Amino acid sequence: MADRVTVIGWDGSPLTAAALSALRAATLVAGAAHHLALPEVPPNAERIRLGSVALAARRIASHRGTAVVLADGDPGFFGVVRVLRAPEFGLEVEVVPAVSAVATAFARAGMPWDDAQVVVAHSRTLRRAVNVCRAHPKVAVLTSPGAGPAELGLLLTGVHRTFVICEALGTPQERVTVLTSDKAADYVWRDPNVVIVLGGQGAPRPTGNAASGAGHTRLGGWLAGRPAGQREEPRGWALPYQADRPTEPEPPGTVADGSTQLRAVQLARLGPRPGDLVWDIGTGDGRLAAEVARFGAAVIAVDRNAEACGRASATAAALGVQVQVVHGGAPQVLEDLPEPDVVRVGSPSPRLLAACVDRRPERVVTHAGTRDEAEALGRVLDESGYRVECLLLQSVDLDTADWSERDRTVVFLLCGSRM
């Protein structure tokens, strides 16, 4: 086993005294090609070009001597430290950090980043990274070959975003480009790069070296990854009738699709989470779509009624969340939508439900007003290879002044889980 392992972060600036001391004593140095070309690397040290960090860790574990691993930016932030410290290698490491690529990218853009989401995009996570970009107004994407600015732009078709693309940070080839997401596929980008994705409700504008114009001045926040200066969110699921007027009750005679209690159970069955794309088909006033977005999922809300689409957009704006509203009739309009992870279908028909399950979401939630309708929808799910759960839900709204019944809702809730 190596006597000593030091991980050194490099951001293009001169190495610190601690980093130079560790590097000069190294008998093995691992890093990318541009790291191994640094003049400070001892000429007699064994050199390992990093491809697979796990393979390099095995080599280091079997090395007798002192090892140094060079990495871009802060190696403890989505970097090599996690792999090197894995129990199977038995390595104890010392870390000499540098400024992370994400921090440098936001500095180049002249923007704060405590309110940003940070995601890693590679072949397995690209779609989920894009969904985070759909759901949040400020996202930093650490890209990889085949999952870079061009691919991000192509998958964001239909959603307007601004890209601040920071290439080869800390090197003589450094370049910062600001353009709209629909233009990113027209260029070839250097690796590695960081893409800052901006857009949607309350999105700031890049300033400083990246672009001209004033950015938004907002109060600081207290929790990383949350929009700064955002008002306190209403507590709980299935918000009251008006999100901006929380004391206003659900109006009597509300259709089952809008029932507060039904929405609460639908949310529980949908289980939205960051990285998901959720379809809300027949969104109505968009209350469920907006609440799904509060969980950090990306949402596409679809309705054939233009007035309903307007209400859905207003509901999302009132809650300060990102919802892409699509006006059009289903199932035809679904053909151009990106692949969903989970789907909620309001006002369903067997034909519409079949069109949704043809896209093979992980989970589908819908409801019916009668047992015959529930059985027809259940057959569609079952014949499509989904495990079907059906619940008969009854909610009774009581007036606590005299405990009399004000309203009663009875509905069949169906949930299909892909097997």
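Cut-offs and rules
- Residues numbered from 1 in each chain as written.
- Predicted model: local features only at pLDDT ≥ 70, side-chain atom pairs only at ≥ 80, totals over all residues.
- Heavy atoms only, no water.
- UniProt positions renumbered as here; feature names shortened; annotations may be inferred.
- Axes fitted to C-alpha atoms, helices over the stretch in contact; angles between N-to-C directions.
- Helix = DSSP H or I, 4+ residues; strand = E, 2+ residues; numbered from the N terminus.
- Left-handed = near helix turned anticlockwise from the far one by under 90°.
- Contact = heavy atoms within 4.5 Å.
- Pairing = 2+ DSSP bridges.
- Right-handed = clockwise from strand over helix to strand, strands pointing away.
- pLDDT = per-residue confidence, 0-100.
- Phe/Tyr/Trp six-rings, centres within 6.5 Å; stacked < 30°, edge-to-face > 60°.
- Buried < 20%, exposed > 50% of the residue type's maximum accessible area, 1.4 Å probe, protein only.
- Arc of directions from axis to C-beta.
- Core = buried A, V, L, I, M, F, W, Y, C linked by side-chain atoms within 4.5 Å.
- 1 Å grid on protein atoms, 1.4 Å probe; cavity = no way out; pocket = protein on both sides within 12 Å on 5 of 7 lines; lining within 4 Å.
- Points joined across faces, edges and corners; volume = space filled by probe spheres on them.
- Nonpolar A, V, L, I, M, F, W, Y, C, P; charged D, E, K, R; others polar.
- Parallel < 35°, antiparallel > 145°, perpendicular 65-115°, else oblique.

Naming follows an unreviewed UniProt entry, where the protein chain appears as Precorrin-6y C5,15-methyltransferase (Decarboxylating) subunit CbiE of Streptomyces alkaliterrae. Database annotation for the protein chain, UniProt heading Pathway (unreviewed entry): "Cofactor biosynthesis; adenosylcobalamin biosynthesis."

K.L.:
In this structure, what is going on with the packing of helix 9 (residues 287–294) against helix 10 (residues 306–319)? I would like to understand it.
P.N.:
Angle between the axes and distance between the axes: these two values describe a pair of packed helices. Where helix 9 meets helix 10, the axes come as close as 8 Å, and the angle between the chain directions of the two elements is 35 degrees. Helix 10 is crossed by helix 9, and the crossing has right-handed handedness. Counting all contacts with helix 9, which are made through Arg287, Ala290 and Arg294, the residues of helix 10 involved are Thr315, Ala316 and Leu319.

K.L.:
How do you make sense of the pairing of strand 13 (residues 324–327) when you look at a structure like this?
P.N.:
Regular strands show a simple pattern: their side chains alternate between the two faces of the sheet. Relative to strand 13, strand 12 (residues 298–303) runs parallel, the two sharing 4 bridges. When the sheet's bridge partners are listed, Val302 is paired in strand 13 with Val326. Regarding topology, helix 10 serves as the crossover connection from strand 12 to the parallel strand 13, and that connection is right-handed.

K.L.:
Teacher, can you tell me more about the confidence of the model for the protein chain here?
P.N.:
Close inspection of predicted coordinates is inappropriate for parts of the model with low pLDDT. On average, residues of the protein chain score 89 in pLDDT, and 89% of them reach the 70 mark or higher. Below a pLDDT of 50 lies the segment residues 212–217, which in the model reaches 12 contacts outside its immediate sequence neighbourhood of four places, other chains included. Under a pLDDT of 50 for its full length, residues 243–258 has, in the predicted model, 28 contacts with residues more than four places off or in other chains.

K.L.:
Even after reading the chapter, I still don't get the sheet that holds strand 8 (residues 162–167), so can you show me in this structure?
P.N.:
Pairing between the strands of a sheet comes from backbone hydrogen bonds, and it takes one of two forms, parallel or antiparallel. One open sheet holds the 5 strands; their spatial order is 6-7-10-8-9, and the pairing between them is mixed. Of all strands in the sheet, those with a lone pairing partner are strand 6 (117–120) and strand 9 (175–180), marking the two edges. On average, adjacent strands in this sheet sit at an angle of 20 degrees to one another, irrespective of strand direction. Relative to strand 9, strand 8 runs antiparallel, the two sharing 6 bridges. Bridge pairing in strand 9 places Phe163 opposite Leu179.

K.L.:
Can you help me understand the packing of aromatic side chains in this one?
P.N.:
Ring pairs (aromatic) are described by centroid distance and by the angle formed between their planes. Under the counting rule described, the total for this entry stands at 4 aromatic pairs. Here the aromatic rings of Phe77 and Phe78 are separated by 5.1 Å at their centres, their planes lie at 75 degrees, and the arrangement is edge-to-face. The exposure class assigned to Phe77 is partly exposed, which follows from its relative accessible area of 29%. Owing to a relative accessible area of 52%, Phe78 belongs among the exposed residues under this scheme. Taking 6.2 Å as the distance between ring centres and 10 degrees as the angle between the ring planes, the aromatic pair formed by Phe106 and Trp113 counts as stacked. Taking relative accessible area as the criterion, Phe106 reaches 0% and is therefore assigned buried. Three or more aromatic residues link up through ring pairs in this structure, and these residues are Phe77, Phe78, Phe106 and Trp113.

K.L.:
Explain helix 11 (residues 350–357) here, please?
P.N.:
Helical periodicity: at 3.6 residues per turn, an α-helix aligns residues three or four positions apart in one direction. Buried residues of helix 11: Leu352, Leu353, Cys356 and Val357, and no others. End-on view of helix 11: buried residues confined to an arc of 135 degrees, all on one side of the axis. Buried residues belonging to helix 11 abut strand 11 (277–281), strand 14 (342–345), strand 15 (363–368), helix 12 (371–383) and strand 16 (386–399).

K.L.:
Is there a simple way to explain the nonpolar core in this structure?
P.N.:
Counting residues in hydrophobic clusters, the biggest one holds 27 residues, and the most contacted among them are Trp279, Ile281 and Leu334. By size, the runner-up hydrophobic cluster in this structure holds 23 residues, among which are Leu267, Ala301, Leu393 and Cys415.

K.L.:
Quick question: what am I supposed to make of empty space enclosed by the protein here?
P.N.:
A water-sized probe, rolled over the atoms, reveals where empty space remains. Applying the stated criterion across every chain, the model contains 1 cavity of 30 Å³ or more. What lines the largest cavity is Arg4, Thr6, Ala22, Ala25, Thr66, Ala67 and Val68. Listed by contribution, the elements that provide at least two residues to the lining of the largest cavity are strand 1 (4–10) and strand 4 (66–72). Considering only residue class, the lining of the largest cavity consists of 4 nonpolar, 2 polar and 1 charged.

K.L.:
Got a minute to help me understand the sheet that holds strand 4 in this structure?
P.N.:
In space, the 5 strands of this open sheet follow the order 3-2-4-1-5, with parallel pairing throughout. The open sheet is flanked by strand 3 (46–49) and strand 5 (93–96), the only strands paired with a single partner. Between one strand and the next, the sheet's axes are offset by a mean angle of 20 degrees, whatever the strand orientation. Pairing of strand 1 with strand 5, which is carried by 4 bridges, proceeds in the parallel orientation. Paired with Thr6 across the strands is Glu94, a residue of strand 5. The sheet contacts of helix 1 (residues 17–24) involve strand 1, strand 2 (28–31), strand 4 and strand 5, and relative to strand 1 the element is tilted by about 135 degrees. Sheet contacts for helix 3 (residues 53–62): strand 1, strand 2, strand 3 and strand 4; angle to strand 3, the most-contacted strand, approximately 160 degrees.

K.L.:
Just checking my understanding: could you explain the packing of helix 8 (residues 260–270) against helix 9 for this structure?
P.N.:
Contact geometry of helix 8 with helix 9 gives a least axis separation of 11 Å together with a crossing angle of 45 degrees. Taken together, the axes of helix 8 and helix 9 lie oblique to each other. Crossing handedness for the pair helix 8 and helix 9: right-handed. Between helix 8 and helix 9, the residues in contact are Arg263, Gln266, Leu267 and Leu270 and Arg287, Leu288, Glu291 and Val292, respectively. Partitioning the contact of helix 8 with helix 9 into residue classes produces 4 nonpolar, 1 polar and 3 charged.

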